[in-house]
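Breakdown of the fold
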Amino acid sequence: MTGATPLGRRSIVAISAGLGAPSSTRLLTDRLTEATVRGLAELGIETDVEAVELREAAHDIADNFVTGFANSKLRPLLSTVANADAVIAVTPTFNASYSGLFKSFFDVLDEGTLTDRPVLIGATGGTARHSLVLDHALRPLFSYLHAVVAPTGVYAANEEWGSADAETGLAKRIERAGRELAALVAAREPAAEADPFATATAFEDLLNGTS
Amino acid sequence: MQFGIFTVGDVTPDPTTGRTPSEGERIKSMVRIAQKAEEVGLDLAAFGEHHNPPFVPSSPTTMLGYVAANTSRLILSTATTLITTNDPVKIAEDYAMLQHLADGRVDLTLGRGNTGPVYPWFGKDIRDGIDLAIENYHLLHRLWTEEVVDWEGKHRTPLHGFTATPRPLDGVPPFVWHGSIRSPEIAEQAAYYGDGFFANHIFWPAEHTQKMVEFYRKRFEHYGHGAADQAIVGLGGQVFMRRNSQDAVREFRPYFDNAPVYGHGPSLEEFTAETPLTVGSPQQVIDRTLGFREYVGDYQRQLFLMDHAGLPEKVVLEQLDLLGEEVVPVLRKEFAAVRPAHVPDAPTHASLLAANGQPIAQ
């Protein structure tokens with residue numbers, strides 16, 4: 001699409017629940033992000049990317065559970081997610097599921113935040129034996145949140161980072177997932193954070209039970 | 001402007017001694033705290049309603065009737081009365097009864113309640129929370145303003161030819177505040193009736209309270225009750241004071257760290273930065289409280305949570321001395337100095353009666 005005029009601009013938030021530094025979860029997140037940005041560019045769309053390391057918000061997320069509200073450090077992060085056109089969500093596999101930190105973050109998001117929002121799921125783990133974590137844990141979570149989950153999720157086992165791609169197909173899976181997410185984003189209007197006050201029901205309608 | 005205290009009535013072990021008061025001790029202690037509030041010159045005391053331990057005040061009008069008999073000037077209020085799970089007919093009758101016994105020193109704050117099982121225990125469903133608040137209050141309002149009510153709704157047995165008794169004192173129902181932390185529907189409801197809006201405020205960042213109050217004011221004006229800055233707003237607050245602020249922090253920290261609502265989470269310093277909680281000298285409390293006006297506008301009622309998290313009664317009474325003697329007189333003067341003349345006070349029985357002897361405009 002060299003020389004083509006961009007058809008618009010979208011934002012992606014790329015959430016990594018990796019705990020190490022460097023982290024293979026962050027590595028997968030970045031690869032998925034790049035693939036999505038390429039996919040959107042092919043569709044003539046420019047992309048703003050915000051990368052989020054949940055590790056840095058771990059205390060604030062825990063405080064939200066205890067106090068019932070998001071503190072001033074967490075609120076901008078929640079707002080970033082609410083305003084993003086797509087979410088890339090990647091977790092390490094812990095005990096046959098997503099990590100507690102990963103789940104906790106989605107537990108403190110306001111209800112409805114991800115409704116109809118395109119989401120690309122990814123997970124990392126020691127061996128390929130855990131790869132069904134995508135379909136047994138992540139996909140049901142995002143289905144429950146009414147997100148639109150890209151058909152391809154990407155699981156990367158440790159060994160795949162050092163194997164011939166012809167053997168593992170990791171790069172191909174990443175590329176396909178990125179293109180799928182890009183298509184879902186391109187098919188939607190830009191996202192905006194819900195304003196409960198702008199959409200509040202007038203009293204007569206509340207009283208008539210038509211809300 | 002009115003200043004008072006509100007309590008949730010928790011029975012919590014004192015984390016510094018491990019001692020837990022009995023329910024009886026706590027209930028009697030709440031009465032003494034209310035009496036002290038009157039003695040130190042505060043305007044009102046408001047009691048919560050709960051139906052699950054460790055909270056004791058399940059029966060607000062029993063409590064308020066007793067407090068009324070033991071005070072002479074204090075306004076008796078609630079924080080909050082459950083409009084969802086109580087029968088509106090009983091609320092209409094209980095509070096009208098209380099008005100007569102307390103010579104009109106009564107208002108109430110309605111809330112939905114956020115304890116899931118309380119709804120089914122009372123035969124309701126928490127998913128109907130907003131709908132219950134809307135329908136039940138509409139009936140309550142009619143029961144107080146109409147002599148004979150014919151009514152059918154979704155959530156209670158129909159009424160035909162029903163008259164709530166006793167009738168409100170002097171034909172003037174108690175002034176109603178609607179409390180909500182995050183539901184625009186409740187601010188909308190308060191605005192529609194021209195009732196007060198109470199923002200608990202104490203566990204939430206200022207910007208959140210600001211948005212709720214701003215919305216209520218706008219809708220109050222929309223429904224023709226006056227200008228937005230004439231809407232009736234109340235706020236919660238939470239303080240712990242000692243003359244020396246370091247002493248206040250040192251003494252309050254174990255209560256904060258183990259408090260039922262927010263304990264074991266953020267530090268005292270983080271929480272005071274994020275919410276209206278102020279732990280320090282009376283002057284710090286004065287400065288912080290005056291600052292609330294900057295984001296909610298001129299408001300009518302400020303309540304403080306003083307007795308919770310296991311604080312001993314003796315300490316609470318000392319806190320009330322400081323509040324009544326050093327803080328509130330300054331707040332009255334400072335708030336009054338900046339308040340425009342067209343901003344009304346919170347309605348009282350006397351002011352509503354003087355206005356026209358008729359129930360508040362709807």
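Residues numbered from 1 in each chain as written. Chains lettered and ligands numbered in written order. Predicted model: local features only at pLDDT ≥ 70, side-chain atom pairs only at ≥ 80, totals over all residues. Heavy atoms only, no water.

An unreviewed UniProt entry lists chain B under the name Oxidoreductase, with Actinocatenispora comari given as the organism.

An unreviewed UniProt entry annotates chain A as FMN reductase of Actinocatenispora comari.

**Quick look at the overall build of chain B**
Counting its secondary structure elements, chain B contains 12 helices and 12 strands. Relative to the globule expectation of 21 Å for 362 residues, the C-alpha radius of gyration of chain B, 20 Å, shows essentially globular dimensions. In terms of principal-axis extent, the alpha carbons of chain B reach across some 60 × 45 × 40 Å. A burial count over chain B gives 56% of its 362 residues as buried. For chain B, the share of sequence-separated contacts (at least 6 apart) that also reach a separation of at least 24 residues comes to 73%. (Helix = DSSP H or I, 4+ residues; strand = E, 2+ residues; numbered from the N terminus. Rg over C-alpha atoms; globule rule 2.2 N^0.38 Å. Buried < 20%, exposed > 50% of the residue type's maximum accessible area, 1.4 Å probe, protein only. Contact = heavy atoms within 4.5 Å.)

**Describing the overall build of chain A**
Looking only at helices and strands, one finds 8 helices and 7 strands in chain A. Over its C-alpha atoms chain A spans a radius of gyration of 18 Å, differing by no more than 12% from the 17 Å that the globule rule assigns to 211 residues. For chain A, the spread of C-alpha atoms along the principal axes amounts to about 65 × 50 × 30 Å. Scored against the burial criterion, the 211 residues of chain A give a buried share of 47%.

**Examining the interface of chain A and chain B**
Each side of the interface is counted separately: chain A has 20 residues, and chain B has 29 residues. Buried area between chain A and chain B, both sides added, is near 1,900 Å², and the carbon and sulfur share of it is 68%. Across the pair E274 of chain B and R75 of chain A runs a salt bridge whose closest N-O atoms are separated by 3.9 Å. Linking chain A with chain B are 5 residue pairs in polar contact (both at pLDDT 80 or more). Only α2 (58–67) and α8 (203–207) of chain A provide two or more residues apiece to the side of chain A that touches chain B. For the side of chain A that touches chain B, the leading source of residues is α8 of chain A, giving 4 residues. (Buried area = accessible area lost by both parts, 1.4 Å probe. Salt bridge = Lys/Arg side-chain N within 4 Å of Asp/Glu carboxyl O. Polar contact = N/O pair within 3.5 Å; in protein donor to acceptor, adjacent residues only side chain to side chain.)

**Points about the pairing of strand β2 (residues 44–47) of chain B**
Residues and elements named next belong to chain B. With burial as the criterion, each face of β2 is covered, one bearing L44 and A46 and the other bearing A45 and F47. Strand direction decides the pairing type here: strand β1 (residues 2–7) and β2, joined by 4 bridges, are parallel. Within β2, the position partnered with G4 by the bridge is L44. Two elements, β2 and strand β3 (residues 75–78), share 4 bridges in a ladder whose sense is parallel. By the bridge assignment for β3, L44 is matched with I75. Of the crossover connections in this fold, the one passing from β2 over helix α2 (residues 60–69) to the parallel β3 is right-handed. (Pairing = 2+ DSSP bridges. Right-handed = clockwise from strand over helix to strand, strands pointing away.)

**Remarks on the nonpolar core**
Ranked by internal contacts, the top residues of the largest apolar core, which has 114 residues, are I5, Y216, F252, M306 and L323 of chain B. A per-element tally of this core places helix α11 (residues 313–338) of chain B first, with 9 residues. Those residues in contact with F252 of chain B that sit more than four places away from it in its chain are F240, Y262, L268, L277, V279, H308 and L311 of chain B. Formed by 36 residues, the second largest nonpolar core is a distinct cluster that contains A70, F105, F106 and V119 of chain A. (Core = buried A, V, L, I, M, F, W, Y, C linked by side-chain atoms within 4.5 Å.)

**A closer look at the pattern of salt bridges**
All names here are of chain B. Throughout the structure, instances matching the rule amount to 35 salt bridges over all chains. The closest approach of N and O atoms between K154 and D131, which form a salt bridge, is 3.0 Å. Pair noted here: K154 is in the loop between β6 (149–151) and β7 (159–162) and D131 is in helix α5 (residues 129–145), with a separation of 23 residues, a long-range link. One continuous salt-bridge network, built from bridges that share partners, spans R242, E251, K314 and E318.

**Focus: helix α1 (residues 24–42) of chain A**
Residues and elements named next belong to chain A. Counted at 1.5 Å a residue, the expected span for α1 with its 19 residues is 27 Å, and the 27 Å between its end C-alpha atoms agrees. Packed against the buried residues of α1 are β1 (8–16), β2 (45–53), β3 (86–94), β5 (118–125), β7 (154–157) and α7 (170–186). For α1, the N-terminal capping position is held by S23, with its side-chain oxygen 3.1 Å away from the main-chain nitrogen of T25. Looking one or two residues past α1, G44 carries a phi angle of roughly 80°, positive in sign. (Expected span 1.5 Å × (residues − 1).)

**Focus: the UniProt feature "domain: Luciferase-like" (unreviewed entry) in chain B**
The residues that UniProt annotates with the feature "domain: Luciferase-like" (unreviewed entry) are residues 1–295 of chain B. Helix makes up 42% of residues 1–295 of chain B and strand 17%, and the two end C-alpha atoms of the span are 17 Å apart. (UniProt positions renumbered as here; feature names shortened; annotations may be inferred.)

**Thoughts on the UniProt feature "domain: NADPH-dependent FMN reductase-like" (unreviewed entry) in chain A**
Within the UniProt annotation, "domain: NADPH-dependent FMN reductase-like" (unreviewed entry) is assigned to residues 12–161 of chain A. Annotated as 40% helix and 26% strand, the span residues 12–161 of chain A places its first and last C-alpha atoms 24 Å apart.

**Quick look at the packing of helix α10 (residues 282–296) of chain B against α11 of chain B**
Residues and elements named next belong to chain B. Packing of α10 against α11 brings their axes to within 10 Å, and their N-to-C directions diverge by 35°. Seen along the crossing, α10 lies across α11 with a hand that is right-handed. Together, P282, V285, I286, T289, L290 and R293 of α10 and L322, E326, V327, V330, L331, E334, F335 and V338 of α11 make up the contact between the two elements. Tallied by class, residues from the contact of α10 with α11 come to 10 nonpolar, 1 polar and 3 charged. (Axes fitted to C-alpha atoms, helices over the stretch in contact; angles between N-to-C directions. Left-handed = near helix turned anticlockwise from the far one by under 90°. Nonpolar A, V, L, I, M, F, W, Y, C, P; charged D, E, K, R; others polar.)

**Considerations on the packing of aromatic side chains**
All names here are of chain B. Inspection of the entire model under this criterion finds 23 aromatic pairs over all chains. Here the aromatic rings of F240 and F252 are separated by 5.0 Å at their centres, their planes lie at 20°, and the arrangement is stacked. On the criterion of sequence distance, the pair formed by F240 in strand β10 (residues 233–241) and F252 in helix α8 (residues 245–257) is long-range, its members being 12 residues apart. On the accessibility criterion, F240 (0% relative accessible area) is buried. (Phe/Tyr/Trp six-rings, centres within 6.5 Å; stacked < 30°, edge-to-face > 60°.)

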